[in-house]
Amino acid sequence: MKIFLDTANIAEIKKGLAYGIIDGVTTNPSLIAKEQQEFIPLIKEITATIPGPVSVEVTASQPEEMIAQAERYAAIAANVVIKVPINLEGLQVVKVLAGRGVKTNVTLIFSPSQALLAAKAGATYVSPFVGRIDDISGDGMALVEDIALIYDNYDIATEIIVASVRHPLHFVQAARIGADVATIPFATLAQLLNHPLTASGMERFLKDWHKVKS
Ligand code: G3P
């Protein structure tokens, strides 16, 4: 499973890269706003920092404007992936961009039918938001299972990015299902390694090591 960082923070991306486990980055308007920086220079810096795919979201609502934004963002770097919301306008945009060889990540996916239509329009990735479904007492991972099954039924090449990840269990469940990608916040990345037996084991080894004559 590929791991993307769900962040627009350069320091977090650099740290993730140094750990050797980060394959790409996903951003959204909220994550960009958090950085309080100019948008285009920030995207330039992110795409120059990480060689893998970097999702950048369009914010216009009409297809022509969305396509114009997408073209502008795609021109920033070869690793830009255009994030498009799932609706009828979004589908048109995905079709046009796919025809022009621009990669897309269809976002705000909350149902299997949305994921199937996004794939038919030519999406490179779809992003089901598992945490936001769990937040309203739904089952986010059941959606991922459904999408994986449907894509498998029809040999669909669109990749599933498990997004809105809230905790390590989402990550493990995504891997069990065989999702192509999990995009995770930096805080969750550190949590993935936490285990009390690892911590106490290291403590015990260190204590015993101090008893060894050198
Ligand atoms: O990048 C989109 C997604 O991961 C958002 O997550 O935590 O705002 O639901 P969240």
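Here the residue numbers are simple positions, counted from 1 along each chain's written sequence. A pLDDT threshold of at least 70 governs which residues receive local features in this predicted model, and a stricter bar of 80 or more applies before side-chain atom pairs are shown or counted, although totals over entire chains, interfaces and linings include all residues. Derived side-chain values reflect all non-hydrogen atoms in the structure, with water molecules and hydrogen atoms excluded from consideration.

Participant: Which parts of the structure should I look at to understand the site of the ligand?
Facilitator: Lining the immediate environment of the ligand, one finds D6, N28, K83, F129, R132, A163, S164 and R166. The definition of a polar contact used here is a pair of N or O atoms within 3.5 Å, where within protein one atom must be able to donate a hydrogen and the other to accept one, and adjacent residues in sequence count solely through side-chain atom pairs. The separation between an oxygen atom of the ligand and a polar side-chain atom of N28 is 3.2 Å. Here the ligand has 310 Å² of accessible area as a free molecule, and 83% of this is covered by the chains. Amino acid classes used here: Ala, Val, Leu, Ile, Met, Phe, Trp, Tyr, Cys and Pro are nonpolar; Asp, Glu, Lys and Arg are charged; the rest, including Gly, are polar. Split into classes, the residues belonging to the shell around the ligand amount to two nonpolar, two polar and four charged. Nearness is defined per residue: one heavy atom within 4 Å of the molecule or strand is enough. Residue exposure ignores everything except the shown protein chains as possible cover, and the areas themselves are Shrake-Rupley values with a 1.4 Å probe.

Participant: So what exactly am I meant to see when it comes to helix α11 (residues 196–209) here?
Facilitator: Each full turn of the α-helix corresponds to 3.6 residues, which orients residues three or four apart in the same direction. By the criteria applied, helices consist of DSSP H or I runs no shorter than four residues and strands consist of E runs no shorter than two, each listed in order from the N terminus. A helix is expected to span 1.5 Å for every residue after the first. With 14 residues, α11 extends 20 Å from end C-alpha to end C-alpha; this agrees with the ideal 20 Å at 1.5 Å per step. Exposed residues in this analysis have more than 50% of their type's maximum accessible area, buried residues have under 20%, and partly exposed residues fall in between, with area computed by a 1.4 Å probe over protein chains only. Counting buried positions along α11 gives zero out of 14 residues, so the element sits mostly on the surface.

Participant: Could you clarify how one ought to interpret the packing of helix α6 (residues 112–121) against helix α8 (residues 140–153) in this entry?
Facilitator: Helix-helix packing is characterised by the crossing angle of the two axes and by the distance between the axes. To get an axis, a line is fitted to the C-alpha atoms, and for a helix only the part in contact is used. The angle between two axes follows their N-to-C directions and goes from 0 to 180 degrees. Between α6 and α8, the shortest axis-to-axis distance is 9 Å and the interhelical angle comes to 40°. The angle between α6 and α8 places the two elements in the oblique class. Note on packing geometry: the crossing formed by α6 with α8 is right-handed. Where α6 abuts α8, its residues P112, A115, L116 and A119 lie against L143, D146, I147, I150 and Y151. Just so you know how the angles are binned, under 35 degrees is roughly parallel, over 145 roughly antiparallel, 65 to 115 roughly perpendicular, and the rest oblique. Each crossing is labelled by how the near helix is turned from the far one, with a counterclockwise turn of less than a right angle marking it left-handed and a clockwise turn marking it right-handed. Contact definition: two residues touch when any of their heavy atoms are within 4.5 Å.

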